[in-house]
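Fold and contact review
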Amino acid sequence: MVKAAAVILAAGEGKRMKSKEPKVLHEVLFKPMIDWVTDAVKVAGIDEICVVAGYAHRKLETHLKASCSIAIQTERLGTGHAVLQAKDFLLKTEPEDVVILCGDAPFIDGEIIDAAYEKHIAENNAVTVITANAKNPFGYGRIVRKDGNVTSIVEEKDASVDEKKITEINSGAYWFKTSSLLVALAELKNDNAQGEYYFTDTVEIISEKGYNSGSFMLEDFGMIAGANDRKQLAALNTYARQIKLDCLYECGVTITDESGVTVGPDVTVGSDTTILPGTILKGKTKIGSFCVIGPNSLIDNCEIANYVVFNASQAYSAKIADYVTVGPFSHLRPNTDLHEKVHVGNFVEIKNSVIGEGTKVSHLTYVGDSDVGKKVNFGCGCVTTNYDGVKKHRTKVGDNAFIGCNTNLVAPVEVGESAYTAAGSTITKNVPPHALAVARSRQENIEGWVTRKQSKND
Amino acid sequence: MVKAAAVILAAGEGKRMKSKEPKVLHEVLFKPMIDWVTDAVKVAGIDEICVVAGYAHRKLETHLKASCSIAIQTERLGTGHAVLQAKDFLLKTEPEDVVILCGDAPFIDGEIIDAAYEKHIAENNAVTVITANAKNPFGYGRIVRKDGNVTSIVEEKDASVDEKKITEINSGAYWFKTSSLLVALAELKNDNAQGEYYFTDTVEIISEKGYNSGSFMLEDFGMIAGANDRKQLAALNTYARQIKLDCLYECGVTITDESGVTVGPDVTVGSDTTILPGTILKGKTKIGSFCVIGPNSLIDNCEIANYVVFNASQAYSAKIADYVTVGPFSHLRPNTDLHEKVHVGNFVEIKNSVIGEGTKVSHLTYVGDSDVGKKVNFGCGCVTTNYDGVKKHRTKVGDNAFIGCNTNLVAPVEVGESAYTAAGSTITKNVPPHALAVARSRQENIEGWVTRKQSKND
Amino acid sequence: MVKAAAVILAAGEGKRMKSKEPKVLHEVLFKPMIDWVTDAVKVAGIDEICVVAGYAHRKLETHLKASCSIAIQTERLGTGHAVLQAKDFLLKTEPEDVVILCGDAPFIDGEIIDAAYEKHIAENNAVTVITANAKNPFGYGRIVRKDGNVTSIVEEKDASVDEKKITEINSGAYWFKTSSLLVALAELKNDNAQGEYYFTDTVEIISEKGYNSGSFMLEDFGMIAGANDRKQLAALNTYARQIKLDCLYECGVTITDESGVTVGPDVTVGSDTTILPGTILKGKTKIGSFCVIGPNSLIDNCEIANYVVFNASQAYSAKIADYVTVGPFSHLRPNTDLHEKVHVGNFVEIKNSVIGEGTKVSHLTYVGDSDVGKKVNFGCGCVTTNYDGVKKHRTKVGDNAFIGCNTNLVAPVEVGESAYTAAGSTITKNVPPHALAVARSRQENIEGWVTRKQSKND
C-alpha cells in the first residue's frame, strides 16, 4: 500500500475535558488515543502519516517524536482548515490516496482502514466516507445519497426534516483520491455563521464534479466513538475494556470478577490463566498459560511465561520464567530477569538483576544491580548496597550461596559459590566459594540491666 | 439566619440494620449519616442544633461530643414524641423558625435547607413541608392539598384510593414556625392502632387552625433517600459515589475505571489528575492537578499538591508537596510532611516527620519522629529507632547526608550535614557534618567452613 | 437417607472453555464446581457418591482423592453412556434411589436435593425430574406431560412447534428408583444422528412402562445454571457473588462498595462488620462482629474474632483474636496465631508462630517459627533467622521483652522475660530475663571523611 498516506486530525483542545493536554493524548486502556490511531494506520500498512496538531502541540510533538510528520494548525478555522495544513505533506509524499482520520476516535482499526481502502479502489471512488448506522442519529452528520452515490454530508443544524430521519451517519473517517482532495480543499468556503471551513463540504464538491463518491459502512456503531469530556472518556474505557475482556474469555482466560481489571489492547494472555480483581496489565505485556495473576497487581511491559503466580505485586519491564512465584507485596523494577522456579516472597524489591533458577528471595530484601546464581537463598532483610552516594556497582552471588539475614552486600562485591554469610554481617570484601563470611561483634549479655534501668526511671 | 434552629431526629434503631450502632452513625462515603445532616445545617448557616437520640444514644453522644444539643428519647412513642423531646431546646434557644430533619437521610443539603427556608419566610408559612415527586409513591406519606395549601400528610395505610394516586410525597423534612410547632405538638394524640404520636399530624393541626401551610418540592427524588437495611445503605453509597465521581469528571479528573473508587463528599481533586481503580479518598483530603493517584490506595485527610504520583500506598493526615512520588506499597502516617520532589519508594513507613526537598527514602525504611534535611539519601533498610521502650525521641538528619543501608539511627541522635553512615552501622552518637560514622565489625572469611559443615551434616 | 446414592456427571471437556482442566474443576467463588455439587449431596445426607470422570480424569481423581467413588468414561458416547459407567457403583452400593446431578451446575443445593427426594418418595415415582420454568426455554430440553405424569423430555432440535412453546425445562438433575434406572439404561439406544446414548430417553422408557414419573420444580431458574465458556463462568461468579453479598447484608454486614469483593460460599461474617472494596474472603474463613476488613485484602481459611481491623493485607490459615490490628501491607502465613490486642503493623510477615496478648510487631519484621509472649515490643526490621540453610529452628521470646530495631534472633534461641536486645544486634545465645544483650561494634566518627572522598572524586 505504498501509494497511500494518512492524515490524522489532532488539533483539538476538547474544552469540556478541562485539560492542559491535547485531547488526543488522553488515554484509553492506558494508551493515548493518538497511538490507537497511528497503530491502526500502521497495521493497515500505511507508513506515511501526518498528524495535524494544534492545542498544546508541543506536548504532542514530544509524544510522537519523529514517528510521524507533524503539521501545526495555529488558528482554529474549522476541520477543512485543519486538513489543509497537511497540504505540504501530501504534495511532498505524493500518495495516490489518503485516509483522513480523527485522532480522538481510537476504535477504528487497521482492518477497517484496509477494507475501506479496498472498496474505495474497487469502486474507483474519489471519496469513500466511512459511515455507520446510528439508532439515534441526532447530532451526527447525515449521509445524503442519490443513485447510490453519496452526494453530501449534512450537519444536524442544516438538515431538513427528511434528512434528519437518515440514520446513516458520518464516522469522521474517509478515503480520498489525493488529487480530488486537494482540488476540493481549494474550493472550500467559510461563508457560514461560524466562519469556519467545514471539511464535510468536500464530499459535495467532489460529488458535484461527477466523480464517484461512495461509502463504507461499519458494522458496529461503537467503533466511531470519541470523547468530549471525562465522563465520555470513562465510557470509552469501559467499552474498550469489555471488548478486551471478552476477547480474553474466548482465549480461555478466567476472570473471576472484572472489577478493577484493565487489560491493555496490546497485551496477550494464555489459556487457563486466571486474572483476579484489581489487576492492571499494560503496555506490551505477554502472559503465558496456567498463571494466576492478581489480585491487586500492576504489570507493565513484562514477559511472563507459564505457571507463574503473581500475587498483589507490581512489575515493570521484567521477565519472569516458568513456575516463578511473586508476592504478595513485591516490586519488580525494570530489567529484572527471574529464571525458572525463582521464589520472590513479600516486601521484596528487585531491579536490574538476573536471578538464577530456583533462587529464593523470600522477604524484606532488596536486590539491585546483581547477578545471582542458581539455588541461592537470601535470608530476610538482605540488601545489596549498590550505591555509594556517587556510583552504582554490581553484586555477584554464586550458585547455592546462602546469604544470612540482614546481610549487607556492599557492591562491588562477590559472594562465591556455596559460600555463607553470617546473619547481620556487612560484606565489603569478596567471599571465596564455600567460605563463611562473618562481620559482626560477639554478643554480650548484661544481666539485670533492665531492672536497674527501670528502677532509675521510676 | 440567627433566628432559626434545627432538630434532627436520630433516635431510631433501624432493626433491619441488625446493628448495635445508632442508625444515623452508619456511614455513606465513609461519613456518618448524621454528619452529612449536621454539616448541611451548618452550611445553611444554622448554629443551634438539637439531635434527638434514642437507640444506643451513648455512642451518638460520644460521636457528637459537644457540637450539638442532645435530647434523649427514652421511650419510642412515635415521631411526634421524638420531636417533643426537643421542646426544652426550643424554649431555651427561642428560634423563630425550626427545620426538622431526619438524621438518616443524608442527601438533603445546605442549599435546599436554605431555599426551603426562604420560601417558608416569603410565604409566611407556619409549616413548609419539603416534598418530592415519586414515580412510585407506594409507602410514602402523600401530600394532600386544598386551595394550594397543604392540608395534611396521609400515610399509605390511611390513604383513600384517590389519595394513593398522589405522587407528591413527604420527604420527612419541614420548616416550622416554632410557636406553631409547639402548639401542634401539644395537641398531638396517640389514639391510633399503634398508640404512637405521628409527627405528620402536626401539618393537619396547623392547617386546620387556618395558618399557611406550604411546601417546597425537591427536583431530585434521590435527595430524600434513607436506608432501612444494609442493602439500602449500599445503595446510598452507590448513589452518592456516582454523584461525586460525575462531579470530578466535570472538574477535569480522569477516572479510568470506577471500580473500587470512593471519593468522600468533602474531598477535592484538581484537573488533569488521574485516579486509578481501587482508590479511596476520605476525610478532608485535597489533591492538586496533574497527579496520578492509585491504584489500590487509601488517602485520608491529606493535602497533596500537584504532579504527585501516589501508587498503591496509604496516607493518613500527611502533607505532600509538588513532584513527590510515593510507592508502590508505602505508608505515610499522621504528621508526615514531604517537601517538593521527595521520593518515597517501596515498603517505606514515615510518621511524624518532616522530609526535606529532594530527599530519597527508597526502600524498606522506617522514618519516625525525624527532621530530615534536603537531598538526603536513605539507603535500604534504615531505621530510626525512636522508641527506647519508655519514651520516643527525635532524629535529625542534615542536608545532603547519606545514610548507609541497614543503618540504625538510635534517637535522640543527629547526623550532620553531608555526613555519611556506613552500611550496617548502629549510630548512637551524633555524627558531625562531613564525617563518616562506622559502627561495625571487620569482615572475616572462614575458608572451607561450608564444606566442613556439610560433611558434618552428612 | 442411607438408601440413597448420588451419581455426578463430570466427564465433560467443555471445549469452549479452551482448558486442559476438566470442566467441573473450574471454580465459582474460588470453589471448584464439583465441590459445590458434592457438598450439596453431603448436606442432603447422602454419603455414597460416584463421580463419572472423563476428560483430564487424572486431575479430577487427584482433586477428589478418596472422597468419592470414581467411574471413568473412556469414550464419550453421550450422557446415557456416562451414567451407565456408574452401573458397577450402583450394583455394589445398592441404593434404593439415586440422584443424578451435573457436576458443572453448582447451584443445586442440599435442600433442593432433599426436597425433591421427599416428593419422589411421597409420590412413589420411578423417576422425578428436577425442572425449572424458563422465560426463554430455547435450547433446553422441554418437559412433556400427560395426565400429570412426565412422559418424556424433548430436546430443542426434536421438539414440535407445540412442544417448543413449553416453558418447563429439564434442569439435568433427577431422582430415580435405582432398579428403574438400571432397566432403562439397558434399553437406551443410540439410533440417532449423533450416534449417542441420550440419558433423557430414560424418562420416556420408564413412563412407557407405566411407572410414576413426576417432577420437582425449582423456584429460581438461576439454580440450574452452568457454564460452557469462560464468559458464562464469569456470569456464574457474578450470580453467586451477589447472592452471597445479599446474604451478608441481611446478616448486618456493611459493604461500602461491592467492587472486587468476593466472599466464598463457606465464609461467615458477623454483624456490624464492614467489608471494604477489593477484598476476597475464601475457604472456611470465619469473621466475627465489629471488624473492618479491607480494602484490598485476601483472607483464606482464617478464624477472625471481633473488633479486628485488617487493612490491605493477606492471611492464610491464621487465627486472629479480638481487638487485633493488622496492616496495611502485612502477610500472615499458615499457623499464625495472634492473641488479643496484638498489633501487626506494615510490611510484617508472620508464619507458624504464636504471638501473645498485646504484643506489637509494628514494622518491617519477619517472625517465623516463634513463640512470643505477652506485651513484647519488636522494633523495626527484626528478623527471626529460623533457617540455617539446613533445618528450621524455633525462637522463644518471653513476656515484656523488647527486641531492638534490626535485631537478628538466630534460632534456636531464647530471649527471657523483660529482657532487651540492643538495636542492630545479632543474638545467637540465649538472653536471660531482665538482661540486656548487645552484639555490636562501637561507633567511630571519621571527621572530614566525606570532604576528602569528594575531593578525590572531583
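Residues numbered from 1 in each chain as written. Chains lettered and ligands numbered in written order. Predicted model: local features only at pLDDT ≥ 70, side-chain atom pairs only at ≥ 80, totals over all residues. Heavy atoms only, no water.

**Let's talk about the interface of chain B and chain C**
Worth spelling out the cut-off: The contact rule is simple, with two residues in contact once any of their heavy atoms fall within 4.5 Å. When two parts are put together, the accessible area they lose, computed with a 1.4 Å probe and summed over both, is reported as buried area. For this analysis, a salt bridge means a side-chain nitrogen from Lys or Arg found within 4 Å of a carboxyl oxygen belonging to Asp or Glu. We call two N or O atoms a polar contact when they sit within 3.5 Å, provided that within protein one can donate a hydrogen and the other can accept it, with sequence-adjacent residues counted only if both atoms are side-chain atoms. Strands are runs of DSSP state E lasting at least two residues, helices are runs of H or I lasting at least four, and both sets are numbered from the N terminus onward. Under the scheme applied, nonpolar residues are Ala, Val, Leu, Ile, Met, Phe, Trp, Tyr, Cys and Pro; charged residues are Asp, Glu, Lys and Arg; polar residues are all the others, including Gly. We call two strands paired when DSSP finds no fewer than two bridges between them.
Contacts between the two partners involve 64 residues from chain B, matched on the other side by 51 residues from chain C. In this assembly, chain B packs against chain C so that about 4200 Å² is buried in total across both faces, 55% of it on carbon and sulfur atoms. Per-residue buried area on chain B facing chain C is highest for R230(B), K231(B) and L436(B); these three make up 14% of the total on that side. Two residues, D272(C) and R230(B), come together in a salt bridge whose shortest N-O distance is 2.8 Å. Our enumeration of links across chain B and chain C arrives at 26 residue pairs in polar contact (both at pLDDT 80 or more). Among the elements of the structure, α9 (230–250), β22 (314–316), β34 (383–385), β37 (408–410), β40 (426–427), β41 (436–438) and α10 (449–457) of chain B are those that each provide at least two residues to the side of chain B that touches chain C. With six residues, the top contributor of residues to the side of chain B that touches chain C is α9(B). Here the residues of the side of chain B that touches chain C are counted per class, giving 27 nonpolar, 26 polar and 11 charged. Relative to strand β40 (residues 444–446) of chain C, β41(B) runs antiparallel, the two sharing three bridges. Each bridged residue has a counterpart across the sheet, and for L436(B) the counterpart in β40(C) is I446(C).

**Here's the deal with the relation of the copies chain B and chain C**
For clarity, the cut-off: Only residues with pLDDT of at least 70 in both copies count here: their C-alpha atoms drive the least-squares fit that superposes the copies.
Screw-axis analysis of chain B against chain C gives a translation of 0.0 Å along the axis, an RMSD of 0.1 Å, and a rotation angle of 120°. Such a combination of rotation and displacement between the chain copies is what one expects of a three-fold axis.

**As for the domain arrangement of chain A**
Residue and element names in this part refer to chain A. The following threshold applies: These domain limits were set by an automatic method or by a database of domain assignments.
The domain boundaries assigned to chain A delineate domain 1 (4–224) and domain 2 (253–437). Listed per partner, the contact involves five residues of domain 1 and seven residues of domain 2. A buried area of about 480 Å², summed over both sides, lies between domain 1 and domain 2, and 76% of it is on carbon and sulfur atoms. Among the residues domain 1 hides against domain 2, the three largest losses belong to L29, F30 and K31. Together they make up 88% of the total. Applying the counting rule to domain 1 against domain 2 returns one salt bridge. Here domain 1 and domain 2 share one residue pair in polar contact (both at pLDDT 80 or more) between them.

**With respect to the relation of the copies chain A and chain B**
Two copies of a chain can be linked by a rotation about an axis combined with a shift along that same axis. Between chain A and chain B, which share one sequence, the superposing operator has a rotation angle of 120° and an axial displacement of 0.0 Å; the RMSD is 0.1 Å. A low fraction, 18%, of the interface residues of chain A reappear at the interface in chain B, so the copies pair through non-equivalent surfaces.

**As for the interface of chain A and chain B**
Taken residue by residue, the interface counts 65 residues in chain A and 51 residues in chain B. In total, about 4200 Å² of surface goes out of reach between chain A and chain B, with carbon and sulfur atoms giving 55% of it. Counting across the interface, chain A meets chain B through three salt bridges. K231(A) is paired through a salt bridge with D246(B); the nearest N and O atoms lie 2.5 Å apart. Applying the counting rule to chain A against chain B returns 28 residue pairs in polar contact (both at pLDDT 80 or more). Mapped by element, the contributors of at least two residues to the side of chain A that touches chain B are α9 (230–250), β22 (314–316), β34 (383–385), β37 (408–410), β40 (426–427), β41 (436–438) and α10 (449–457) of chain A. Ranked by residues supplied to the side of chain A that touches chain B, first place goes to α9(A) with six residues.

**What to know about the packing of aromatic side chains**
In this description, a pair of aromatic rings is defined by centroid distance and the angle of the planes. Note the cut-off: When the centres of two rings from Phe, Tyr and Trp lie within 6.5 Å, Trp using its six-membered ring, the rings pair. Their planes under 30 degrees apart give stacked, over 60 give edge-to-face, and anything left gives tilted. Whether a residue is buried, partly exposed or exposed follows from its accessible area with a 1.4 Å probe, protein chains only, as a fraction of its type maximum: under 20%, in between, or over 50%, in that order.
Following the criterion strictly, the structure yields 45 aromatic pairs over all chains and no others. On the numbers, 5.7 Å between centres and 80° between planes, the contact of F329(A) with F329(B) is edge-to-face. Highlighted residues: F329(A) in the loop between β24 (325–326) and β25 (331–332) and F329(B) in the loop between β24 (325–326) and β25 (331–332), drawn from two different chains. Just as F329(A) is buried, F329(B) falls in that class too. Their ring planes at 20° and their centres at 4.7 Å tell us that F402(A) and Y420(A) sit as a pair that is stacked.

**Quick look at the side chain of T407(C)**
Along the chain, T407(C) falls in the loop between β34 (402–403) and β35 (408–410). Here T421(C) takes part through its side chain, which lies 3.1 Å from a polar atom of the side chain of T407(C). Excluding anything up to four places from it in sequence, T407(C) contacts N406(A), G381(C), C382(C), V383(C), T421(C), A422(C), G424(C), S425(C) and I427(C).

**Thoughts on the sheet that holds strand β21 (residues 309–310) of chain A**
If you walk across this open sheet you meet the 12 strands as β12(A)-β15(A)-β18(A)-β21(A)-β24(A)-β27(A)-β30(A)-β33(A)-β36(A)-β39(A)-β41(A)-β42(B), and the pairing is mixed. Of all the strands in the sheet, the pair left with one neighbour each is β12 (254–255) of chain A together with β42 (444–446) of chain B. When strand β30 (residues 360–363) of chain A meets strand β33 (residues 377–378) of chain A, the two strands line up parallel, connected through two bridges. Within β33(A), the residue paired with K360(A) across the bridge is N377(A).

**Notes on the pattern of salt bridges**
Residue and element names in this part refer to chain C. All told, the structure shown has 54 salt bridges over all chains when counted by the stated rule. Here E21 ties to K59 by a salt bridge, and the two come within 3.2 Å at their closest N and O atoms. Residue E21 is found in the loop between β1 (4–10) and β2 (27–28), and its partner K59 is found in helix α2 (residues 57–64); the two are separated by 38 residues along the sequence. For D39, the salt bridge goes to K31, with nearest N and O atoms at 2.6 Å. For D39, a relative accessible area of 25% translates into the label partly exposed.

**Topic: the side chain of S297(C)**
All names here are of chain C. Relative to the assigned elements, S297 resides in the loop between β18 (292–293) and β19 (298–300). Separated by 3.0 Å, the side chain of S297 and the backbone nitrogen of A312 make a polar contact. For S297, the residues in contact, after removing those within four places along its chain, are G278, T279, I280, F310, N311, A312 and S313.

**A word on the packing of helix α7 (residues 178–187) of chain A against helix α8 (residues 201–208) of chain A**
Residue and element names in this part refer to chain A. What counts is decided by this rule: Convention adopted: a line fitted to C-alpha atoms gives each axis, helices being fitted over their contacting stretch, and angles between N-to-C directions are expressed from 0 to 180 degrees. Orientation labels follow simple angle bins: below 35 degrees gives roughly parallel, above 145 gives roughly antiparallel, 65 to 115 gives roughly perpendicular, and whatever is left gives oblique. What makes a crossing left-handed is the near helix being turned counterclockwise from the far one by less than a right angle; a clockwise turn instead makes it right-handed.
Two elements in contact, α7 and α8, have axes separated by 9 Å at closest approach and are oriented at 110°. Taken as axis vectors, α7 and α8 run roughly perpendicular relative to one another. For α7 against α8, the interelement crossing comes out right-handed. Contacts from S180, A184, L185 and E187 in α7 reach T202, I205 and I206 in α8. Here the residues of the contact of α7 with α8 are counted per class, giving four nonpolar, two polar and one charged.

**Brief notes about the sheet that holds β41(B)**
The 12 strands are arranged β12(B)-β15(B)-β18(B)-β21(B)-β24(B)-β27(B)-β30(B)-β33(B)-β36(B)-β39(B)-β41(B)-β40(C) in an open sheet whose pairing can be described as mixed. Of all the strands in the sheet, the pair left with one neighbour each is β12 (254–255) of chain B together with β40 of chain C. In terms of strand pairing, strand β36 (residues 402–403) of chain B meets strand β39 (residues 420–421) of chain B through two bridges, oriented parallel. Bridge pairing links I403(B) to T421(B) in β39(B).

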